[in-house]
Structures are given as structure tokens and as C-alpha cells.
Amino acid sequence: MTTAPLFLVDDVTALPGPGAEIELGGAEGRHAATVRRIRPGEALVLADGRGGLARAEAVAAGKEALTVRLAAVEHVPAPAVRVTVAQALVKGDRGELAVETATEAGADAFLPWKAARCVARWDDGPRGDKQLGRWRGAAREAAKQARRPWQPAVGEPVTTRQLTERVRSSGAALVLHGSAGTGLADVPLPDAGEVLLAVGPEGGVDDRELELLTAAGAVPVRLGPEVLRASTAACVALGALAVRTGRWS
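On a predicted model such as this, the values are computed, not experimentally measured, just so you know.

Q: Where do I start with the side chain of His-177 in this structure?
A: Looking at where His-177 falls in the secondary structure, it is placed in the loop between β9 (172-176) and β10 (193-199). Of the residues examined, His-177 reaches a relative accessible area of 17% and is grouped as buried. Side-chain polar atoms of His-177 contact the side chain of Ser-179, separated by 2.9 Å. If we ignore the near neighbours within four places in the chain, the residues touching His-177 are Val-205, Leu-210, Pro-220, Val-221 and Arg-222.

Below, the structure is given as C-alpha cells:
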């Protein structure tokens, strides 16, 4: 049995009660009616990306919208341990791939990181805004694909200096580093709060950056003997963290 597809609405709490019929319009309604071809009687889920979920059933389908009948409405609490991925900028579409796979693996937020060895550069202005929009779009679509009640936010790009401030305020901060002496399975994790996971660029984390982050309280950790790409490392690390924090229990 397949999981019901998920479509986004502005605010689940603003929806009428169970039994009411509403129209799902706009881009989501068109996607449901013309791309997914949802038909009367099929189940679907409406979500607002902030934990609100509404189970529903399609009643009628048009070319631009879908009429649905609401059933149960619920709110899914945010995870006790939330993981923010500081993802170094990656050239081409690998940055979007990193956001997409990490979202599916459970990332709760992203910080685009302007690390020293990044080949990709996000300029201030329209070009940088376009790149940021692509990351945000990747997170949004991946969260829908994964049927996640919480959609990860993608913040403004940060420098290493700015990232050190986030390290200081987090419950735990980890920097993936191939030569680290501590494995990810061995580092202590909090029972609640934010875990900051820093993923460097293809060229690795610069020695000076590692010094700054470590001085602020971050712990360099390794995933294992293999070398992973910057675009896939976060996804693998998130899987390990999900097991350790009980997220996948």
C-alpha cells in the first residue's frame, strides 16, 4: 500500500473541521489534478510545513484544482533533536542534490556555508538570490516527496566567522573531517536542542577554518574509512544521527 501524496497549504489550522469540503487550487492544485492525476476517492495529505497535517479524500478533479473532503487534522511535534546542516557551497547542481538528499534523510534546517575552499561562489544580488531560491525549492520539493510534516528552512549564506557563532549557541556541533580521530558514533549528543552538522566543500575544510570552529566548540568527526562527496556526506551522516537520536526508532 502506497503512502498518500502530500500537498502544501498555507496553514492547516485555518482549515475547516473534518467533513468540510475545500478547493486545493494554485500550483499545488494544478499539480495534484494534472500531474499526479488524483481522482475522486483517492487519499491525500495537506500539510503546512510546520507540523500541521490534514488527511483528506479527493471529491472532484478539474484542470486547475482539486476538491477534497477533510478528515482528521493533527499537529506533529518537531523532533526533540533538530539537525541543522551547514552545507558548503557546491558547484553545479550538486548543491541542490545535497539539499534534496539531506532533506529526505531528515535535515531540519540548512545554512549555505561560504567555506574557504568552495569553488562555487554566490554573489550578492540577483545571482545569489537565484541560487538560494534553488536550494529552497529543492528542500520544499524533497520534503513533499518524503511526506515530511516539517519542511526544513534554508537560511541566508554564512561565512565561517558567522558559522562559529552558531556553533557556540548549538547543543552540539560536528564538523565532518576525514582525518578526525573521533567517529560519529562515539561523540556525545544532547537529548534535545540543535545539533549543527558542518559539511565542507570538495576540497575539504581549511585548516584555519577547522581551528576556528573547534575553538568555538565544534568536534571534528569522521563517518568511516571511505571518502564521500560533499553532496552526499550530509545524507549519510544524518542517517547515522537519526539512529542515534531515536528518530528512526
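Q: Please clarify how the nonpolar core should be interpreted in this entry.
A: Nonpolar side chains in soluble globular proteins tend to end up buried together. If you look at the biggest cluster of nonpolar residues, it comprises 49 residues, and the most contacted ones within it are Val-85, Trp-113, Leu-163, Leu-174 and Leu-197. Beyond its immediate stretch of four places on either side in the chain, Leu-174 contacts Leu-184, Val-187, Leu-189, Val-195, Leu-196, Leu-197, Ala-198, Val-219, Val-221 and Leu-241. Listed in part, the 16 residues of the second largest apolar core include Leu-15, Leu-46, Leu-66 and Val-68.

Q: Got a minute to help me understand the environment of Ala-27 in this structure?
A: In this fold, Ala-27 is placed in helix α1 (residues 26-35). Classification of Ala-27 by relative accessible area gives exposed; the value is 51%. Sequence separation between Ala-27 and Leu-8 is 19 residues; the distance between their C-alpha atoms is 9.5 Å.

Q: What's the story with the sheet that holds β10 in this structure? I'm lost.
A: The strands that make up a sheet are held in pairs by hydrogen bonds between backbone atoms, and each pair lies either parallel or antiparallel. Ordered in space as β8-β7-β6-β10-β9-β11, the six strands form an open sheet in which the pairing is parallel. Pairing within the sheet leaves two strands with one partner each, and these edge strands are β8 (153-154) and β11 (219-221). Summarising the sheet, β9 and β10 pair through four bridges and their orientation is parallel. In the strand pairing of β10, Ala-172 is matched with Val-195.

Q: Teacher, can you tell me more about the sheet that holds strand β1 (residues 6-8) here?
A: As summarised here, the arrangement of the five strands in space is β1-β3-β4-β5-β2, forming an open sheet in which the pairing is mixed. Either end of the sheet is taken by a strand with one partner, and the two such strands are β1 and β2 (21-24). Neighbouring strand axes in the sheet, compared pairwise and without regard to direction, differ in orientation by 45 degrees on average. Here β2 runs beside strand β5 (residues 66-75); their pairing, made up of four bridges, is antiparallel. By the bridge assignment for β5, Glu-23 is matched with Thr-67. Along the sheet, α1 contacts β1, β2 and β5; its crossing angle with β1, the most-contacted strand, is approximately 155 degrees.

Basis of the calculations
- Residues numbered from 1 in each chain as written.
- Predicted model: local features only at pLDDT ≥ 70, side-chain atom pairs only at ≥ 80, totals over all residues.
- Heavy atoms only, no water.
- Helix = DSSP H or I, 4+ residues; strand = E, 2+ residues; numbered from the N terminus.
- Buried < 20%, exposed > 50% of the residue type's maximum accessible area, 1.4 Å probe, protein only.
- Polar contact = N/O pair within 3.5 Å; in protein donor to acceptor, adjacent residues only side chain to side chain.
- Contact = heavy atoms within 4.5 Å.
- Core = buried A, V, L, I, M, F, W, Y, C linked by side-chain atoms within 4.5 Å.
- Pairing = 2+ DSSP bridges.
- Axes fitted to C-alpha atoms, helices over the stretch in contact; angles between N-to-C directions.

The values reported here are purely geometric and, on their own, carry no functional implication.
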